[in-house]
Amino acid sequence: MSEPKAPTPAPGDTYKGWLFKWTNYIKGYQRRWFVLSNGLLSYYRTQAEMGHTCRGTINLATANIAVEDSCNFVISNGGTQTYHLKASSEVERQRWITALELAKAKAFRMQAESDDSGDESSPPAAGQGGGSRNSEVQSTLRTLGSKVEDLSTCNDLIAKHGSALQRSLSELEGVRLEGQTSEKIRQVTERATLFRITSNAMINACRDFLSLAQAHSKRWQKALQAEREQRVRLEETLEQLAKQHNHLERAFRGATVLPPSQSNPAIDNKGSAQVKGDASDEDDENEFFDACEDVQEFITVPADPKYHRRSGSNVSGISSELGMDDGTTSLDEQSLASNPESPQSQEVVPVRKRRTRIPDKPNYSLNLWSIMKNCIGKELSKIPMPVNFNEPLSMLQRLSEDLEYYELLDRAAKCHNSLEQMCYVAAFTVSSYSTTVHRTGKPFNPLLGETFELDRLQESGYRSLCEQVSHHPPAAAHHAISERGWTLRQEIALASKFRGKYLSIMPLGSIHCIFEKSNNHYTWKKVTTTVHNIIVGKLWIDQSGEIDVVNHKTGDRCHLKFAPYSYFSRDVARKVTGVVTDKDGKAHYVLSGTWDEKMECSRVMQSSRGGENGAEGRQKTVYQTLKAKELWRKTPLPDGAENMYYFSTLALTLNEPEEGVAPTDSRRRPDQRLMEQGRWEEANAEKQRLEEKQRTVRREREREANRSASPSEEAEEVEIASEPAETTYKTETLHGSHPPAYSSGHQDNYKAMWFERRVDPSTGEPTNIYRGGYWEAKDQGNWDSCPDIF
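Residues numbered from 1 in each chain as written. Predicted model: local features only at pLDDT ≥ 70, side-chain atom pairs only at ≥ 80, totals over all residues. Heavy atoms only, no water.

Turning our eyes to something else, we now look at the overall build of the protein chain. Tallying secondary structure elements over the protein chain gives 16 helices and 27 strands in all. Counting across all 790 residues of the protein chain, residues that qualify as buried make up 47%. Contacts in the protein chain between residues at least 24 apart in sequence constitute 63% of all its contacts with a sequence separation of at least 6. Summed over all atoms, the accessible surface of the protein chain reaches about 40,100 Å², with 51% contributed by carbon and sulfur. (Helix = DSSP H or I, 4+ residues; strand = E, 2+ residues; numbered from the N terminus. Buried < 20%, exposed > 50% of the residue type's maximum accessible area, 1.4 Å probe, protein only. Contact = heavy atoms within 4.5 Å. Areas by Shrake-Rupley, 256 points an atom, 1.4 Å probe, with all protein chains shown as cover.)

So this is what it looks like as structure tokens:
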């Protein structure tokens, strides 16, 4: 079987191709796919296995390479690993030998450098920015030195092949027989081909060396200029702080008493600079990883090196790599350069210390089957569920947990390019599912009129409000606004069905994110959540379906696919893939990762339709991309999280008692508080009391409105045992496609306190939008209009 010729190996590049590997005396030589990268030679049965199953790997730094005959060669590490390999031709074998020798020399040098660097003591860092730049310069110098060594190795190989070519030419002159002549001519041709291959490798190494030198020369100039400017700003700031310190000393000794307006700015500005600096440093500390090479919908391959561009300053982090202006000033520099006499820094407000633990979850036994056997096929809201299945948080608090990684929206607000902004918004949509991977407990269903506020204005620059705006069908409205220039709002209703072995939860409704500076308006919907092993086995959660994030202003779109878990799938579990396209459908970024760990972004340089791939013969789009950059990574759970319902750091603080919240706030719910304290029997009794009180209030409200209930509605009202009543829509859609769009009938005759129903102009759907007044009422302590629901 003829194979297309592999590309000429260049120093330091990944080299791939088919080789025949000796397996055993029964099967003999078998065709395998070999990959040479970073000094390691790995092989797979097929190209499709590269993403998940490696059959073997040899480190070339300690390996021996021996040539047996025209097409065979052997690689051994001196131990148990020995590969007997055969190429399709002598030229192909020599290509592999050249690539392996280059990789072995480079791997040996890298190992020697790592050993040398381990004996040296690293100098203390002069600062985070300076340390990162110094390490970057050292890394660049090592890279350039490696390229020089590659040139030296290529020079030795050229000399070796040139000598062999000269010997062949000398032998050709003394040939007399015609048969020998043809054989010698063939040898000359092959050796000339080898000489050309090695020469091309040297030329490519020279080109890489030149491009690196040019790119990093400009980068060093910009870094030097940035260091000079930062030094000037630091000198000015230190001078101002010294003057203020002198005034404070004089005031302390009684020489001069300064008014409060002049005595606090130094401390205030210093504190604000520290807080902002910490927020901006997250971009610097991000760790970047390569993207997956093979996914279900498309294939990504590294783009040509000419597409690679580096930003002028490492301070800008991810945003610079995605293409933001090099001149963007980091937040810590802005805070240092700000005027310490500004009125914003006149008052110091201590940051509240939030709790980091809740009481451990008690171990109560419960006969699950006695409760669930009569519930198959019913709506979850019609099942009387004890608190044993719950976690001590309400659905409103779970909805507020979508803001766990609000920093992604902060970064998106600073983007000037809408496509870059779309990448961060898409990563934010995925991050909201990371808290659910171990959270098998059911949150408390909110009572009608129940609210929850999350005020993080001081710590994080945002605050949000949730309210249960409807009981039949159950629906909650959420509004969050940030000082960083973004607003998030949503109205979510949950449709659920219990199918015996698993429980499917389908959120209905749209989520909106609006950025104040660019006026970009994004919308998306949530995917299906499935809880498996309800009756037997360990509970586990999966997310599946597709999300379309749409920018209604520019027409940009990001299509995300959450792959459902399959025992027979070779893909990584909980995988998410996506493509960011403009209004014309042209792909600009490829997203990949998992919804429980991280998301990465790769810029698309070129795309094309690939050939048939896989058993089904489907075509895949092949994207040539730059190196992947990490957009988001999950924060590790706190210590002992397995005993605290697997709550994240934010979730542990949501039910913490706070002064000044509304009487309807979820923190004041007694059954939820009792469950958190481990008093589950009392919590169950209190839960039944609250549900009966809610049904009584609803009947009184209906009588006051003189509503004539139909017989079917009366029967349904009696049937309610706990939780909100069954919704009026069908929810049979599972695993993949979205359920029908949420259209609330609102049969409660209830007017929400802080939200009002309008038609959203971007989607045309009726939704509840924040009307205002809550935070003003909190400042005044005026909660007279709030209903008594607890």
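It is worth spelling out helix 14 (residues 680–704) at this point. Given a rise of 1.5 Å per residue, 25 residues ought to cover 36 Å, and the 36 Å separating the end C-alpha atoms of helix 14 matches this to within 8%. Every buried residue belonging to helix 14 is among Trp680, Ala683, Glu686, Lys687, Leu690, Glu691, Gln694, Arg695, Arg698, Arg701 and Glu702, and all of these are buried. (Expected span 1.5 Å × (residues − 1).)

Turning our eyes to something else, we now look at a nonpolar patch on the surface. Together, Tyr565, Tyr567 and Phe568 make up a nonpolar patch on the protein surface, roughly 470 Å² of accessible area in all. Looking at where Tyr565 falls in the secondary structure, it is placed in the loop between strand 20 (557–562) and strand 21 (575–581). Exposure remark for Tyr565: the relative accessible area of 45% places this residue in the partly exposed category. (Patch = residues over 30% accessible without salt bridge, like charges linked within 9 Å, V, L, I, M, F, W, Y side chains within 5 Å. Salt bridge = Lys/Arg side-chain N within 4 Å of Asp/Glu carboxyl O.)

Counted by the stated rule, this structure contains 37 salt bridges. Among the ionic pairs, Asp665 bridges to Arg667, the shortest N-O distance being 2.9 Å. Of the residues examined, Asp665 reaches a relative accessible area of 0% and is grouped as buried. Between Glu692 and Arg695 there is a salt bridge, and its shortest N-O distance comes to 3.0 Å.

With that out of the way, let us pick up the pairing of strand 14 (residues 486–498). On a regular strand, one side chain projects to one face of the sheet and the next to the other, so that they alternate. Summarising burial for strand 14: 12 of the 13 residues are buried, a large majority. Note: strand 13 (residues 474–482) against strand 14, six bridges, orientation antiparallel. Pairing of Ala480 across the sheet is with Leu488, part of strand 14. The antiparallel pairing of strand 13 with strand 14 creates a hairpin that spans three residues between the two strands, and Gly485 there sits at a positive phi of about 100°. Here strand 14 runs beside strand 16 (residues 511–515); their pairing, made up of five bridges, is antiparallel. Counted as the bridge partner of Leu488 is Cys513 from strand 16. Bridge count between strand 14 and strand 15 (residues 502–508): six bridges; the pairing is antiparallel. Considered in strand 15, the bridge of Ser496 is made with Ile505. Hairpin connection from strand 14 to strand 15: three residues lie between these consecutive antiparallel strands, with Gly500 at a positive phi of about 90°. (Pairing = 2+ DSSP bridges.)

This next bit is on the sheet that holds strand 3 (residues 40–44). Spatial strand order, 4-3-2-1-7-6-5: seven strands in an open sheet with antiparallel pairing. Across the chains shown, the open sheet's two edge strands, defined by having one partner strand only, are strand 4 (56–59) and strand 5 (64–67). Shown here is a sheet whose adjacent strand axes are inclined to one another by a mean of 35°, direction ignored. Here strand 1 (residues 15–24) pairs with strand 7 (residues 82–86) via two bridges, running antiparallel. Of the residues in strand 7, the one forming a bridge with Lys21 is Leu85. (Axes fitted to C-alpha atoms, helices over the stretch in contact; angles between N-to-C directions.)

Where strand 5 and strand 6 (residues 72–76) come together, four bridges link them in antiparallel fashion. Of the residues in strand 6, the one forming a bridge with Asn64 is Ser76. Turn length for the strand 5-strand 6 hairpin, with the two strands adjacent in sequence and antiparallel, is four residues.

Structurally, Phe428 can be placed in helix 11 (residues 418–431). Separated by 25 residues in the primary sequence, Phe428 and Leu403 have C-alpha atoms spaced 8.7 Å apart. Leave out the neighbours within four places in its chain, and Phe428 touches Asp402, Leu403, Tyr405, Tyr406, Leu408, Leu409, Leu488 and Trp524.

Before going further, it helps to examine the packing of aromatic side chains. Evaluated as defined, the whole model comprises 19 aromatic pairs. Note on Trp18 and Trp33: the rings are 5.1 Å apart at their centroids and 70° apart in plane angle, and the pair reads as edge-to-face. With Trp18 in strand 1 and Trp33 in strand 2 (residues 28–37), this residue pair connects regions lying 15 residues apart in the sequence. What makes Trp18 partly exposed here is its relative accessible area of 22%. Taking 5.3 Å as the distance between ring centres and 80° as the angle between the ring planes, the aromatic pair formed by Trp22 and Tyr25 counts as edge-to-face. A relative accessible area of 78% places Tyr25 in the exposed class. The ring of Tyr433 has Lys526 sitting right over it, with the charged end atom 5.4 Å from the ring centre. Just above the ring of Trp595 sits the side chain of Arg574; from NZ or CZ to the centre is 5.8 Å. (Phe/Tyr/Trp six-rings, centres within 6.5 Å; stacked < 30°, edge-to-face > 60°. Lys NZ or Arg CZ within 6 Å of the ring centre and 35° of its normal.)

Quick look at the nonpolar core now. Counting residues in hydrophobic clusters, the biggest one holds 65 residues, and the most contacted among them are Trp486, Leu488, Phe515, Trp524, Leu560, Phe562 and Leu591. Counting 19 residues, the second largest nonpolar core, distinct from the first, contains Tyr15, Phe34, Tyr43 and Ala63. (Core = buried A, V, L, I, M, F, W, Y, C linked by side-chain atoms within 4.5 Å.)

Because each turn of an α-helix spans 3.6 residues, side chains separated by three or four positions end up pointing in the same direction. A rise of 1.5 Å per residue sets the reference length of helix 11, with its 14 residues, at 20 Å; its end C-alpha atoms lie 20 Å apart and thus fit the reference within 8%. For helix 11, a buried count of 14 out of 14 residues is recorded, marking the element as mostly surrounded by other parts of the structure. Capping the start of helix 11, Asn417 holds a side-chain oxygen 2.7 Å from the backbone nitrogen of Leu419, two or three residues further along. (Polar contact = N/O pair within 3.5 Å; in protein donor to acceptor, adjacent residues only side chain to side chain.)

Per-residue pLDDT for the protein chain has a mean of 76; in total, 73% of the residues score no lower than 70. Below a pLDDT of 50 lies the segment residues 1–12, which in the model reaches 23 contacts outside its immediate sequence neighbourhood of four places, other chains included. Low pLDDT, under 50, characterises residues 323–346; the predicted model gives this stretch 45 contacts beyond four residues in sequence or across chains. (pLDDT = per-residue confidence, 0-100.)

With the exception of glycine, the majority of residues adopt a negative phi angle, and the majority of peptide bonds are in the trans configuration. Residues other than glycine seldom take positive phi values, yet Asn519 does so here, at roughly 60°. Along the chain, Asn519 turns up in the loop between strand 16 and strand 17 (521–524). In this structure, Tyr645 takes a positive phi of about 65° despite not being glycine. Secondary-structure assignment places Tyr645 in the loop between strand 25 (629–633) and helix 12 (649–654). Given a relative accessible area of 7%, Tyr645 falls into the buried group.

With respect to the helices, strands and loops of the structure, Glu450 is situated in the loop between strand 10 (442–444) and strand 11 (451–456). Given the relative accessible area of 0%, Glu450 is considered buried. For the pair Glu450 and Asp665, spaced 215 residues apart in the sequence, the C-alpha separation amounts to 6.1 Å. Residue contacts for Glu450: discarding those within four places in its chain leaves Ser394, Leu396, Cys466, Glu467, Gln468, Thr664, Ser666, Arg669, Ile789 and Phe790. Here Arg669 takes part through its side chain, which lies 3.1 Å from a polar atom of the side chain of Glu450.

Structurally, Thr581 can be placed in strand 21. A residue is classified by how much of its surface remains accessible, and Thr581, at 17% relative accessible area, is buried. Other than its neighbours up to four places away in sequence, Thr581 contacts Leu419, Asp556, Arg557, Lys586 and Ala587.

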